[in-house]
Each structure stands twice: as structure tokens, then as C-alpha cells.
Amino acid sequence: MKKIIFIGPPGSGKGTQAKRLASRFEIPHISTGDMLREAVNDGTELGREAAPIMASGGLVPDDLMVGIVKDRLAKKDAQSGFILDGFPRTLVQAEKLDAIVGNGTEGVRVLQLLVPDEAIVKRIALRRSCAQCGAIYHLENNPPANGSVCDRCGAEVVARADDNETAVRTRLEAFHRQTLPVATFYKSKSVLREVDGVGPVDEVFERIEKSLT
Ligand code: AP5
């Protein structure tokens with residue numbers, strides 16, 4: 001059973017690579033950012049609580065995040081493997097995840113994408129995402145074929161609300177302060193693989209595949 005976790009700063013390519021890996025292994029891609037954005041769009045209680053926190057670039061409280069991930073991992077499609085993207089992001093979340101999956105870190109692989117902050121700012125400034133299916137584009141590297149229309153589902157392709165300079169700075173700070181200790185936690189358990197996230201998407205994907213062998 002494949003239990004894969006992506007860790008990396010905002011804009012490091014977690015979503016881009018996790019989607020590809022999920023279709024390669026035919027296991028679900030579970031992105032907490034996508035789940036929260038869906039809750040915001042649907043106007044649920046979770047969405048109303050998360051919206052201002054996400055807009056500022058801060059982290060949604062651990063108890064809320066652990067609850068939604070626990071429910072998601074209990075679904076049938078996650079019983080033969082999963083790819084987590086954006087969770088765990090704090091040491092509390094990492095410890096709770098150990099308890100949720102039962103066997104601690106047994107069989108877990110954690111992929112840490114390494115991308116310098118300067119490259120991240122450029123990637124995020126030109127990122128566009130499909131408002132409906134979540135497909136990820138980049139206006140220079142991977143633009144949609146027809147202007148602002150998603151290649152896959154035809155919905156509108158837009159910039160994310162938290163992709164502004166102030167929120168990106170806060171997200172980077174949160175990553176360095178709260179999420180890097182999570183990488184150290186997994187390193188101490190010998191399940192962390194560091195992957196150079198700079199270069200063409202296909203090359204990064206090849207490095208990821210190699211790191212999983
Ligand atoms: P989330 O959605 O997880 O955002 P993030 O971690 O900031 O990561 P991003 O989605 O911005 O980037 P990515 O690494 O997926 O990069 P992408 O593939 O899109 O979380 C959003 C918010 O939700 C958080 O700030 C927080 O408030 C909340 N939240 C979520 N999970 C939480 C949790 N567990 N606890 C608490 N709060 C939580 O790529 C970026 C761009 O670069 C794209 O345009 C892409 O086309 C391009 N690109 C990708 N790869 C390459 C490459 N190799 N070369 C050039 N360009 C590339």
C-alpha cells in the first residue's frame with residue numbers, strides 16, 4: 001500500500017506532481033488546500049472559518065485539519081493507498097496522522113520538494129487554476145491552450161485569492177516556521193526523501209519516481 005506525503009513550500013509543485021503520481025499509481029490525491037477551497041466555494045461552516053485564514057496565508061487550526069483528513073482517509077478509495085498534499089503541515093498534524101494510519105510511519109514515504117524562495121515567487125505570480133476541476137497552469141510554462149479556459153473541463157481558469165504578495169510572504173513564513181520541523185520529524189524516522197524541485201515538470205517527476213524505488 002502506497003502512503004505518500006508531499007511536503008514543500010507554497011508553489012513548489014506539490015499539486016502538479018501529486019496529481020501525476022496519483023494517476024500513475026491509481027490512488028487518490030488528497031489535497032487539503034483543494035478541500036478547503038471547495039468548502040469555501042460551497043459556503044460550509046468549515047469554509048466560513050477557513051476563508052479569512054487562507055486569504056491571509058496563515059494555517060487553519062490543527063483540530064479542524066486533522067478532522068477532515070481523518071474522515072477523508074476513512075473513505076473506501078483511500079484503503080489501498082493515498083497521496084497527501086499539504087498535510088501534515090505542523091508537528092501536531094504529523095503526530096495525529098501517525099495515529100490515524102495506525103502503523104505510525106510504516107510504509108510511508110515523504111517527498112520534500114526543494115525549491116528556492118525566489119523561484120517560488122515567480123511560479124506563484126503566473127499560476128492559474130481551474131475554478132472547477134482544480135487543474136493547475138502557469139502562464140509561461142504551461143498555459144491553457146485557449147486563453148483563460150480550462151483544457152480539461154472548459155471552466156474558467158483564475159488566479160488564486162491567496163496568490164498575492166502579502167499572503168505568499170506569510171505562507172512562506174508558515175512553511176519555514178511550522179512545516180520544516182515536520183520534514184525533520186520524518187527524516188528522523190528515515191522516511192524522508194529530498195527531491196530537487198527545480199527544472200522541467202517531467203524531470204522533477206522522474207526524480208520523484210526514482211526516489212520512490
Ligand atoms: P495549499 O493549497 O496546500 O497551498 P500551498 O502549500 O501554499 O501550495 P500551493 O498550492 O500554493 O503550491 P504547490 O506546491 O501545490 O504548487 P503547484 O503545483 O500549484 O494551501 C492553501 C492554504 O490552505 C494554506 O495557506 C492554509 O491556509 C490552508 N491549509 C491547507 N492545508 C493545511 C493544513 N494541513 N493545515 C493548516 N492549513 C492548511 O505549482 C505552482 C506553480 O508553479 C503552477 O503555476 C505550476 O504550473 C508551476 N510549476 C509547477 N512545477 C513547476 C516546475 N517544475 N517548473 C516551473 N513551474 C512549475
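Preceding this paragraph is the structure being described.
Residues numbered from 1 in each chain as written. Predicted model: local features only at pLDDT ≥ 70, side-chain atom pairs only at ≥ 80, totals over all residues. Heavy atoms only, no water.

1. Quick notes on the environment of Leu-36
This is how it is decided: Going along the chain from the N terminus, every DSSP run of H or I of four or more residues is numbered as a helix, and every run of E of two or more is numbered as a strand. Three labels apply to residues, based on accessible area from a 1.4 Å probe with only protein chains included: buried if under 20% of the type maximum, exposed if over 50%, partly exposed otherwise in between. By definition, residues are in contact when any of their heavy atoms lie within 4.5 Å.
Tracing the sequence through the fold places Leu-36 in helix α2 (residues 32-42). Classification of Leu-36 by relative accessible area gives buried; the value is 7%. Note: C-alpha distance between Leu-36 and Glu-203 (167 residues apart in sequence) is 30 Å. When neighbours within four sequence positions are excluded, Leu-36 is seen to be in contact with Leu-46, Ala-50, Met-54, Val-60, Met-65 and Ile-68.

2. Looking at the site of the ligand
Put simply, the test is: We call a residue near a molecule or strand whenever a single non-hydrogen atom of that residue lies within 4 Å of it. Two N or O atoms form a polar contact when they lie within 3.5 Å of each other; inside protein one atom must be a possible hydrogen donor and the other a possible acceptor, and for residues adjacent in sequence the pair counts only when both atoms belong to side chains. With residues, only the protein chains shown are counted as cover, and all accessible areas are computed by Shrake-Rupley using a 1.4 Å probe.
Near the ligand you find 34 residues, and of these Thr-16, Gly-58, Arg-89, Arg-127 and Arg-171 are the closest. One nitrogen or oxygen atom from the main chain of Gly-13 is found 3.1 Å from an oxygen atom belonging to the ligand. Note that a nitrogen atom of the ligand is positioned 3.1 Å from one of the backbone N or O atoms of Val-60. Protein chains shield 96% of the accessible area of the ligand, which is 1,000 Å² for the free molecule. Among the secondary structure elements, those contributing two or more residues to the shell around the ligand are α1 (14-25), α2, β6 (136-138) and α8 (201-211).

3. Regarding unusual backbone geometry
With an omega of 0°, the peptide bond between Phe-87 and Pro-88 qualifies as cis. Mapped onto the fold, Pro-88 is located in the loop between β3 (81-85) and α5 (91-101). At Glu-26, a position not held by glycine, the phi torsion is positive, near 55°. One can find Glu-26 in the loop between α1 and β2 (29-31). With a phi close to 60°, Ser-190 is a non-glycine residue in the positive phi region.

4. Details of the nonpolar core
This is how the line gets drawn: The definition of a nonpolar core used throughout is a set of buried Ala, Val, Leu, Ile, Met, Phe, Trp, Tyr and Cys residues joined through side-chain atoms within 4.5 Å.
Judged by nonpolar contacts, the single largest core of 27 residues is most densely connected at Ile-5, Leu-84, Val-110 and Tyr-186. Within the residue set of this core, elements represented by two or more residues are β1 (2-7), α3 (45-56), α4 (62-73), β3, α5, β4 (108-114) and α7 (165-188). In contact with Leu-84, not counting residues within four places along its chain, are Ile-4, Ile-5, Phe-6, Ile-30, Val-69 and Leu-97. Counting 13 residues, the second largest nonpolar core, distinct from the first, contains Ile-4, Leu-21, Ala-22 and Val-195.

5. Brief notes about the packing of aromatic side chains
Stated precisely, the cut-off is as follows: Aromatic pairing here means that ring centres of Phe, Tyr or Trp (its six-membered ring) are within 6.5 Å. Orientation follows from the plane angle: under 30 degrees is stacked, over 60 is edge-to-face, and everything else is tilted. A ring has a charge above it when a Lys NZ or an Arg CZ is no more than 6 Å from the ring centre and no more than 35 degrees off the ring normal.
The full count for this structure, using the stated rule, is one aromatic pair. Pairing Phe-185 with Tyr-186 gives two aromatic rings, centres 5.1 Å apart and planes at 75°, and the pair type is edge-to-face. Considered together, Phe-185 and Tyr-186 belong to a single accessibility category, that of buried residues. Note that Lys-2 overlies the ring of Phe-25, its terminal NZ or CZ placed 4.8 Å from the centroid. A cation over an aromatic ring shows up here: Arg-20 above the ring of Phe-205, its NZ or CZ 4.7 Å from the ring centre.

6. Brief notes about the side chain of His-138
Topologically, His-138 is positioned in strand β6. Not counting residues within four places of it along the chain, the set of residues in contact with His-138 comprises Lys-122, Arg-123, Leu-126, Arg-127 and Pro-143.

7. Side note on the environment of Thr-166
Topologically, Thr-166 is positioned in helix α7. Exposure remark for Thr-166: the relative accessible area of 52% places this residue in the exposed category. The spatial distance from the C-alpha of Thr-166 to the C-alpha of Ser-80 is 39 Å, given a sequence separation of 86 residues.

8. Here we look at the pattern of salt bridges
For side chains bearing opposite charge, pairing can occur when the charged atoms are close. The condition is simple: The term salt bridge refers to a side-chain nitrogen of Lys or Arg lying within 4 Å of a carboxyl oxygen of Asp or Glu.
On inspection of all chains with the given rule, the structure shows 14 salt bridges. One salt bridge in this structure joins Asp-202 and Arg-20, with 2.8 Å as the shortest N-O distance. Residue Asp-202 is located in helix α8, and its partner Arg-20 is located in helix α1; the two are separated by 182 residues in the primary sequence. A salt bridge links Arg-24 to Glu-209; its shortest N-O distance comes to 1.9 Å. Placement of the pair is Arg-24 in helix α1 and Glu-209 in helix α8, with a sequence separation of 185 residues. Since its relative accessible area comes to 47%, Arg-24 is described here as partly exposed. Taking the relative accessible area as the measure of exposure, Glu-209 reaches 24% and is therefore partly exposed. Within this structure, Arg-127, Arg-160, Asp-162, Asp-163 and Arg-171 form a network of salt bridges that share partners.

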